[in-house]
Amino acid sequence: MSKTRILTGITTSGTPHLGNYVGAIRPALASAQAADVENFYFLADFHALVKCGDPARVQRSTLEIAATWLACGLDVEKNWFYRQSDIPEIPELTWLLTCVAGKGLLNRAHAYKAAVDRNRAEGEDDDAGVNAGLFMYPVLMAADILIFNANKVPVGRDQIQHIEMARDFGQRFNHLYGEHFVLPEVVIDDNVATLPGLDGRKMSKSYDNTIPLFAPRNELKKLIAGILTDSRAPGERKDTEGSALFQLYQAFASKEETAAFAQAFADGIGWGDAKHKLFERIDAEVAPLREKYEALMAKPAEIEAVLRDGAARLRATHATPTLVRLRSAVGLRDLSTVAVDGDKTEAKKDADALPAFKQYRDADGKFYFKLVQGERVLLQSVGFDSPRDAGQRVAAIKQGEVGDDASDFLLGEGVTSAEVNAALAAFVAAALEGEGGKA
Ligand code: AMP
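Worth saying up front: this structure is predicted, and the values here are computed from it rather than measured.

K.L.:
Is there a simple way to explain unusual backbone geometry in this structure?
P.N.:
With glycine set apart, most residues show a phi of negative sign, and most peptide bonds adopt trans. We note that Asn 149 has phi near 50 degrees; this positive angle belongs to a residue other than glycine. Look at Asn 149 and you get partly exposed, because its relative accessible area is 21%. Residues other than glycine seldom take positive phi values, yet Asp 208 does so here, at roughly 55 degrees. Of note, Asp 208 is situated in the loop between β5 (185-187) and α9 (217-225).

The structure is reproduced here in structure tokens:
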């Protein structure tokens, strides 16, 4: 049985944060343990360019995210681990998919629509400040997924629409060019939380409210101290519902620890104490990984080598052969395979074509017919004095009345009478089928 392919990517536009860890890295590495899966982990650096015009940041983020995956235990021998921009077949496939993607569908993509809505609210032109990368990135994401025929893509709820788009583009391509793509399924794990950030909104690079996963201990403590809370004093009952502090704790704690924390909220724990407990809980999980991370960050050349090796193997076994097939499917083909006269390929195409009679008047004023199959002339008549004579002869031949001693037509160059008989039989069968259809 073939393995289920699971694909996970992280955009390299910032420092990995607790949300990336809880929402993507930790569950992805946990699922990698299963025997029947093949995992694809990648650094989405082309995606980073949509939002980040700071080259140093993209480079730094790529290193940080790669080091994070490795520090968290990604085994590069057993899983695919690569950088998107090391696989040129991905942007190549993006273009092939762009040409089947409905623009109307892209108009409705959440990220683009949100930008348009913001512009409208501010009385700006719909597309003010919107680059085409933002508009097109669902297509790039579809290429990320479809190029490796990933079966499952674990994502947050906000990404469901993009997986549906990938299915849509894949389906359209398959419809036009044959079955090339597996249609991916979205995987939403209800046990995986969406982490809030310092201000209570979703933790996100875009909101600048993140807690870096590997912030040094002191900085982690300081950041946690800055998490937004209400102004209830120690001794006052606190609500767990809607508390970013509580949600963060829950993402790192066991059920029992979470229940005890909820009880402490009910008992009126002070916010300072609650923050201290959260800090200790997170640090307990992160500290051993942080050490590995720091060691890896000190050896960027080694990480570069790991990524290049992953991409090179993946290209050789998957991406390059896939694009060879896809290029051919859409017609981007080697011109030397184009048939010229007498070419075998063309002959095969001709053999597949239905035979047809063509009647015409030549320069000598006489009326002719020929039986052709594709580009090949099977029979060529002599000249008749009237179109009626030629037509009657054609009608007789169509009835199978060729006549053994027929002298009013010649076989085409290199054509055998067996071929003509087979072509005529096909012709008669097709004509009968047509009549049957009409009746
Ligand atoms: P991004 O950095 O937006 O490319 O996100 C990479 C991965 O991290 C995606 O699978 C996201 O679902 C996940 N992720 C990002 N932010 C959060 C968050 N606040 N809570 C949970 N998961 C998140």
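K.L.:
Quick question: what am I supposed to make of the layout of surface pockets here?
P.N.:
To locate leftover empty space, one rolls a probe as large as a water molecule over the atoms. Estimates place the volume of the second largest pocket at around 340 Å³. Ala 32, Asn 39, Asp 75, Lys 78 and Asn 79 are the residues nearest the centre of the second largest pocket, which is lined by 18 residues in total. Per-element accounting of the lining of the second largest pocket gives the leading share, three residues, to strand β2 (residues 37-44). For the lining of the second largest pocket, the residue count by class is eight nonpolar, four polar and six charged.

K.L.:
For this particular structure, what's the right way to read the packing of aromatic side chains?
P.N.:
Pairs of aromatic rings are described using the distance from one ring centre to the other and the angle between the two planes. In total, this model carries 18 aromatic pairs according to the counting rule given. Consider the rings of Tyr 41 and Trp 69, whose centres lie 4.8 Å apart with planes at 40 degrees: the pair is tilted. Taken together, the positions of Tyr 41 in strand β2 and Trp 69 in helix α3 (residues 55-71) put the pair 28 residues apart, joining distant regions of the chain. The buried category is assigned to Trp 69, whose relative accessible area is 0%. Ring pairs connect the aromatic residues Phe 40, Phe 42, Trp 80, Tyr 82 and Phe 148, which therefore count as one cluster. Positioned above the aromatic ring of Phe 252 is the side chain of Arg 26, whose terminal nitrogen or guanidinium carbon lies 5.4 Å from the ring centre.

K.L.:
What am I meant to see in the site of the ligand here?
P.N.:
The full set close to the ligand counts 14 residues, and Thr 11, Gly 19, Leu 195, Met 203 and Lys 205 are the nearest of them. Here an oxygen atom of the ligand sits 2.8 Å away from a polar atom, N or O, in the side chain of Lys 205. Here the ligand loses 82% of its free accessible area of 480 Å² to cover by the protein chains. At the level of secondary structure, the elements contributing two or more residues to the shell around the ligand comprise β1 (4-11) and α1 (18-31). With four residues, α1 is the largest single contributor of residues to the shell around the ligand.

K.L.:
What's the story with the pairing of β2 in this structure? I'm lost.
P.N.:
Taken residue by residue, a regular strand's side chains alternate between the two faces of the sheet. Burial analysis of β2 places eight of its eight residues in the buried class, the great majority of the element. Side chains Val 37, Asn 39, Tyr 41 and Leu 43 project from β2 onto one buried face, and the interleaved Glu 38, Phe 40, Phe 42 and Ala 44 project onto a second face that is buried too. With eight bridges connecting them, β1 and β2 associate as parallel partners. If you follow Ile 6 over to β2, its bridge partner there is Asn 39.

K.L.:
What exactly am I supposed to notice about the nonpolar core here?
P.N.:
A general trend in soluble globular proteins is that nonpolar side chains are found buried together. With 55 residues, the main nonpolar core has Leu 18, Trp 69, Ile 211 and Ile 227 as its most contacted residues. The contacts of Leu 18, once residues within four sequence positions are left out, are Leu 195, Met 203, Ile 211, Leu 213, Leu 248, Phe 252 and Ile 282. By size, the runner-up hydrophobic cluster in this structure holds 46 residues, among which are Val 50, Ala 115, Ile 145 and Ala 150.

K.L.:
Just checking my understanding: could you explain helix α8 (residues 160-177) for this structure?
P.N.:
Given 3.6 residues per helical turn, the α-helix brings residues three or four places apart onto the same face. Between the first and last C-alpha of α8 there are 26 Å, a value that for 18 residues agrees with the 26 Å anticipated at 1.5 Å per step. Three or more residues of α8 are buried, namely Gln 161, His 162, Ile 163, Met 165, Ala 166, Phe 169, Gly 170, Phe 173 and Asn 174. Note on α8: the residue one or two positions beyond its end, Gly 178, has a positive phi of about 100 degrees.

K.L.:
Explain the pattern of salt bridges here, please?
P.N.:
Oppositely charged side chains are able to pair whenever their charged atoms sit close together. Scanning the entire structure with this criterion turns up 22 salt bridges. Between Arg 217 and Asp 283 there is a salt bridge, and its shortest N-O distance comes to 2.4 Å. On the criterion of sequence distance, the pair formed by Arg 217 in helix α9 and Asp 283 in helix α12 (residues 271-297) is long-range, its members being 66 residues apart. Taking relative accessible area as the criterion, Arg 217 reaches 41% and is therefore assigned partly exposed. By sharing partners, the salt bridges in this structure join Arg 83, Asp 86, Glu 304 and Arg 308 into a single network.

K.L.:
Honestly, the packing of helix α6 (residues 110-121) against helix α7 (residues 132-146) in this entry has me stumped. Any pointers?
P.N.:
To describe two helices that pack against each other, one gives the angle between their axes and the distance between the axes. The interhelical angle for the contact between α6 and α7, taken along N-to-C directions, is 155 degrees, at an axis separation of 8 Å. Classified by the interaxial angle, the pair formed by α6 and α7 is roughly antiparallel. Only Leu 134, Phe 135 and Tyr 137 of α7 make contact with α6, whose side of the interface consists of Ala 111, Tyr 112 and Ala 115. The residue inventory of the contact of α6 with α7, partitioned by class, reads six nonpolar, no polar and no charged.

Reading guide: rules and limits
- Residues numbered from 1 in each chain as written.
- Predicted model: local features only at pLDDT ≥ 70, side-chain atom pairs only at ≥ 80, totals over all residues.
- Heavy atoms only, no water.
- Buried < 20%, exposed > 50% of the residue type's maximum accessible area, 1.4 Å probe, protein only.
- Helix = DSSP H or I, 4+ residues; strand = E, 2+ residues; numbered from the N terminus.
- 1 Å grid on protein atoms, 1.4 Å probe; cavity = no way out; pocket = protein on both sides within 12 Å on 5 of 7 lines; lining within 4 Å.
- Points joined across faces, edges and corners; volume = space filled by probe spheres on them.
- Nonpolar A, V, L, I, M, F, W, Y, C, P; charged D, E, K, R; others polar.
- Phe/Tyr/Trp six-rings, centres within 6.5 Å; stacked < 30°, edge-to-face > 60°.
- Lys NZ or Arg CZ within 6 Å of the ring centre and 35° of its normal.
- Near = heavy atom within 4 Å.
- Polar contact = N/O pair within 3.5 Å; in protein donor to acceptor, adjacent residues only side chain to side chain.
- Areas by Shrake-Rupley, 256 points an atom, 1.4 Å probe, with all protein chains shown as cover.
- Pairing = 2+ DSSP bridges.
- Core = buried A, V, L, I, M, F, W, Y, C linked by side-chain atoms within 4.5 Å.
- Contact = heavy atoms within 4.5 Å.
- Expected span 1.5 Å × (residues − 1).
- Salt bridge = Lys/Arg side-chain N within 4 Å of Asp/Glu carboxyl O.
- Axes fitted to C-alpha atoms, helices over the stretch in contact; angles between N-to-C directions.
- Parallel < 35°, antiparallel > 145°, perpendicular 65-115°, else oblique.

Without other data, these values stay purely geometric and don't point to any function.
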